[in-house]
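In case you want the letters, here they are:
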Amino acid sequence: MAQLRVTDFFGRTKAATGAPDKRGSRRVKTPLAAPPVPREDKEAGASGVLSTLPPPPASPRTPARGGSSPVLVGRVSRKRSRCEMEAELPAGAQPGKSARKRLELHRDEEPAARSTTSLGTARHLQRVWAEPVSALIFCVCGCCVSPALTVCSLPTQEDLAALRCRLQKVKTLAQLPLVAAGASTELRSQLEKARQLELCIRQKKKGSGAPPGAQPSRDTTPAAPKHTSIPPAYQRFHTLAQDLPPGLTLPYKFKVLAEMFRSVDTIAGMLFNRSETITFAKVKQGVQDMMRKQFEERHMGQIKAVYPTSYRLRQEKNIPTFGNGMKKSDYQLTLEPVLGEEETVDGRPHLSASCLLQRRKEFHRNLVNIVKQHHKAFLAALNPPMVVPDEKLTRWHPRFKVDEVPDISPAQLPQPPQEDKLTTAQEVLSTARGMLTPKMEKALGNLALRTTEASVGEPVVSKAPSPASTSSALKGVSQALLERIRAKEAQKLQALMTRDLQQEERLTMLGRLPAMARVLRNIFVAEKKQALTMEVACARMSDSYDVQMPPGEMEKHLRLFSELLPDWVGIHTIRTDTYIKLDKGKDLSLITERLTKAAKEAETL
């Protein structure tokens with residue numbers, strides 16, 4: 001489209017407005033530029049004439065770039081000559097002065113309406129236009145402009161009415177209830193039930209046993225977590241983490257107690273051999289320094305319960321304390337090792353190293369016997385029940401949880417004599433008999449009876465699991481078949497628990513033979529010989545097998561080959577050398593099958 005020039009626009013503007021020449025006329029002042037008005041008049045007139053103000057003149061603008069003009073319609077985008085440009089100039093205009101850039105202000109389309117404005121409106125407009133340029137006018141629509149550039153258009157009556165209607169709707173929506181009136185009662189009742197349930201849960205956690213209907217407390221601070229006596233994982237699964245051959249392993253707490261007994265014996269032996277009185281305070285300090293664990297009288301009571309003939313305990317006084325915070329007249333717990341008549345040196349008892357080792361073994365044996373009692377109760381509760389003699393038991397049942405064995409109940413230690421001190425209800429009753437009312441005597445008698453009944457207890461035995469009932473997956477299976485399967489499984493487990501060390505070693509060797517058979521045959525095929533010396537065969541096998549093994553151990557496996565499969569492997573001694581011969585024509589899969597069958601048969605024995 002045609003490109004308009006600025007000179008065209010300003011030439012047309014001067015011709016349309018009839019502006020006089022700048023050189024022949026003076027600048028006409030804007031009639032809106034009135035002298036400043038006091039601030040009080042501004043504030044008073046601004047609120048009264050807002051609704052009657054006519055639209056103010058718009059901001060100065062440049063003509064639209066692509067706008068059409070009736071004077072310029074039909075022109076093409078070509079360069080015009082000076083003659084054409086001078087021909088378009090209005091009469092009286094100078095040809096060289098018409099290209100000055102000026103902005104065109106909006107003209108009022110209705111001049112008659114401007115003449116009909118009221119005097120108050122004109123004065124208000126004068127006040128508005130008389131404001132300094134730095135002042136800003138804020139429109140109702142939220143925009144901010146400078147009065148030196150423009151005056152924003154004021155809202156009409158219809159816009160104000162629409163705005164009031166919207167505000168009324170917002171207020172109405174804000175006052176609406178969140179829930180319906182009919183449903184509020186039901187919601188409150190459900191909320192109350194939820195609060196009561198929360199209160200019950202909190203009360204159960206605290207152990208106070210508050211009734212469910214109690215009113216909930218306003219304090220919503222969570223209760224402190226209760227202390228649990230669950231031991232850490234390294235104690236609960238101590239047996240599983242031991243890199244030892246399977247056997248009669250002890251729980252973690254029993255091993256700690258055995259180590260405490262060893263420390264007590266070591267310290268007591270040094271003091272006893274020096275003819276020094278062994279007090280519990282000295283032993284306690286020494287054990288804690290050696291083990292870095294707390295040692296209390298409760299542990300001494302457990303040692304006494306496991307090994308009653310290890311020490312003779314007494315309460316004695318008038319023992320030198322040497323500044324340990326105790327008086328010489330106070331009673332102290334003393335220990336004296338119980339030794340045999342043969343443990344003497346120069347006519348007096350002596351606690352030697354061999355005696356310490358013997359006492360340690362006896363303490364460990366007693367701990368194993370305690371675990372055996374719990375294991376026997378576990379076997380009796382199985383379905384079907386199992387009976388394994390203690391002297392043939394070499395390992396625990398696979399499902400017996402060793403680390404969950406109950407702790408040992410400590411034995412009663414000697415207590416210092418209590419002189420003129422009443423500690424039980426029976427002592428109070430016997431002392432004050434005849435001095436109390438019959439009601440108080442009856443209450444003290446009942447309390448003494450309950451205390452006596454509670455003190456008489458039986459040894460703690462681990463709770464045996466109840467026999468497992470038939471699961472839903474086994475419904476429809478005959479009971480006789482289930483009994484046979486359970487009996488076969490019990491027989492297998494009993495053989496596992498009574499297996500000795502030699503049988504365990506033989507089973508381990510039988511499990512390696514199928515893989516070794518393939519390696520042995522490959523060695524003979526690679527050597528291209530019918531027989532090899534035992535030394536060469538063991539060396540080749542040690543280099544080729546995936547498990548590192550000394551030659552002597554490898555020779556045991558080769559001799560086991562000849563024992564189980566004499567038709568495949570033969571061992572011959574010629575003069576001073578031993579040779580091993582292999583039949584390479586045998587099928588290796590049949591050999592492997594026979595070895596696997598022999599291993600399974602050995603497991604059931």
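Residues numbered from 1 in each chain as written. Predicted model: local features only at pLDDT ≥ 70, side-chain atom pairs only at ≥ 80, totals over all residues. Heavy atoms only, no water.

Looking at an unreviewed UniProt entry, one finds the protein chain named CDT1 factor, with Geococcyx californianus as its source organism. Annotation of the protein chain in UniProt includes, under Sequence similarities (unreviewed entry), the sentence "Belongs to the Cdt1 family." (UniProt positions renumbered as here; feature names shortened; annotations may be inferred.)

It is worth spelling out the overall build of the protein chain at this point. On a plain count of helices and strands, the protein chain comes out with 19 helices and 10 strands. The burial tally for the protein chain puts 26% of its 605 residues in the buried class. Within the protein chain, contacts between residues separated by at least 24 positions form 63% of all contacts whose residues are at least 6 apart in sequence. As presented, the protein chain carries roughly 42,400 Å² of accessible surface, and 56% of it is formed by carbon and sulfur atoms. (Helix = DSSP H or I, 4+ residues; strand = E, 2+ residues; numbered from the N terminus. Buried < 20%, exposed > 50% of the residue type's maximum accessible area, 1.4 Å probe, protein only. Contact = heavy atoms within 4.5 Å. Areas by Shrake-Rupley, 256 points an atom, 1.4 Å probe, with all protein chains shown as cover.)

Moving on: the side chain of serine 263. Among the structural elements, serine 263 can be located in helix 9 (residues 252–273). Accessibility expressed as a relative area gives 1% for serine 263, which makes it buried. With near-sequence residues (within four places) excluded, serine 263 lies in contact with Val287, Met290 and Met291.

The residue after asparagine 383, namely proline 384, is reached through a cis peptide bond having omega 0°. Along the chain, the position of proline 384 falls in the loop between helix 12 (353–380) and helix 13 (425–431). One non-glycine residue, serine 275, lies in the positive phi region at around 60°. Along the chain, serine 275 falls in the loop between helix 9 and strand 3 (278–279). Here serine 275 falls in the exposed class, since its relative accessible area comes to 57%. Phi at asparagine 318 takes a positive value of approximately 60°, unusual for a residue other than glycine. Tracing the chain through its elements places asparagine 318 in the loop between strand 4 (311–316) and strand 5 (332–337).

This brings us to the sheet that holds strand 5. Read from one edge to the other, the open sheet built from three strands follows the order 3-5-4, with strand pairing classed as antiparallel. Each having just a single partner strand, strand 3 and strand 4 make up the two edges of the open sheet. Note: strand 4 against strand 5, six bridges, orientation antiparallel. Counterpart to arginine 314 in the pairing with strand 5 is threonine 334. (Pairing = 2+ DSSP bridges.)

Following the criterion strictly, the structure yields 20 salt bridges and no others. As a salt-bridge pair, lysine 284 and glutamate 296 come within 3.6 Å of each other at their nearest N and O atoms. Within this pair, whereas lysine 284 is found in helix 10 (residues 280–291), its partner glutamate 296 is found in the loop between helix 10 and helix 11 (297–306), the two being separated by 12 residues in sequence. Residue classification places glutamate 296 among the partly exposed residues on the basis of a relative accessible area of 30%. Of the charged contacts in the structure, one is a salt bridge between lysine 556 and glutamate 553, with a shortest N-O distance of 4.0 Å. One end of the pair, lysine 556, and the other, glutamate 553, are both in helix 18 (residues 551–564), three residues apart, so they sit about a helical turn from each other. Linked through salt bridges whose partners overlap, the residues forming this network are Arg312, Arg314, Glu316 and Glu336. (Salt bridge = Lys/Arg side-chain N within 4 Å of Asp/Glu carboxyl O.)

This brings us to the nonpolar core. Nonpolar side chains tend toward joint burial in soluble globular proteins. Counting 49 residues, the largest nonpolar core has Val264, Phe295, Met300, Tyr311, Leu335, Phe363 and Leu367 as the members making the most contacts within it. Elements supplying a minimum of two residues to this core: helix 9, helix 10, helix 11, strand 4, strand 5, helix 12 and helix 15 (479–497). Among the elements that make up this core, the one with the highest residue count is helix 9 (12 residues). For methionine 300, the contacting residues outside a window of four places in its chain are Phe280, Phe295, Tyr311, Leu313, Leu335 and Leu413. Ranked by size, the runner-up nonpolar core spans 31 residues in total, among them Leu560, Leu565, Leu588 and Ala599. (Core = buried A, V, L, I, M, F, W, Y, C linked by side-chain atoms within 4.5 Å.)

Right, let's get into the packing of helix 16 (residues 501–527) against helix 18. At their nearest, the axes of helix 16 and helix 18 sit 9 Å apart, and the two run at 85° to each other. Judged by the angle between their axes, helix 16 and helix 18 are roughly perpendicular. For the pair formed by helix 16 and helix 18, the contact residues are Glu505, Arg506, Met509, Leu510, Arg512, Leu513, Met516, Ala517 and Leu520 on the first element and Glu553, Met554, Lys556, His557, Leu558, Leu560, Phe561, Glu563 and Leu564 on the second. For the contact of helix 16 with helix 18, the class distribution of residues is 11 nonpolar, one polar and six charged. (Axes fitted to C-alpha atoms, helices over the stretch in contact; angles between N-to-C directions. Parallel < 35°, antiparallel > 145°, perpendicular 65-115°, else oblique. Nonpolar A, V, L, I, M, F, W, Y, C, P; charged D, E, K, R; others polar.)

Turning our attention to helix 16. With 27 residues, helix 16 should cover 39 Å at 1.5 Å per step; its first-to-last C-alpha distance of 37 Å lies within 8% of that length. Largest kink in helix 16: about 45°, centred on proline 514. Of all the residues in helix 16, the buried ones are Leu507, Met509, Leu510, Leu513, Pro514, Met516, Ala517, Val519, Leu520, Ile523 and Phe524. The secondary structure elements touched by the buried residues of helix 16 are strand 8 (531–533), helix 17 (534–544), helix 18, strand 9 (569–574), strand 10 (577–582) and helix 19 (588–604). (Expected span 1.5 Å × (residues − 1). Bend = angle between axes of the 7 residues up to and from the residue.)

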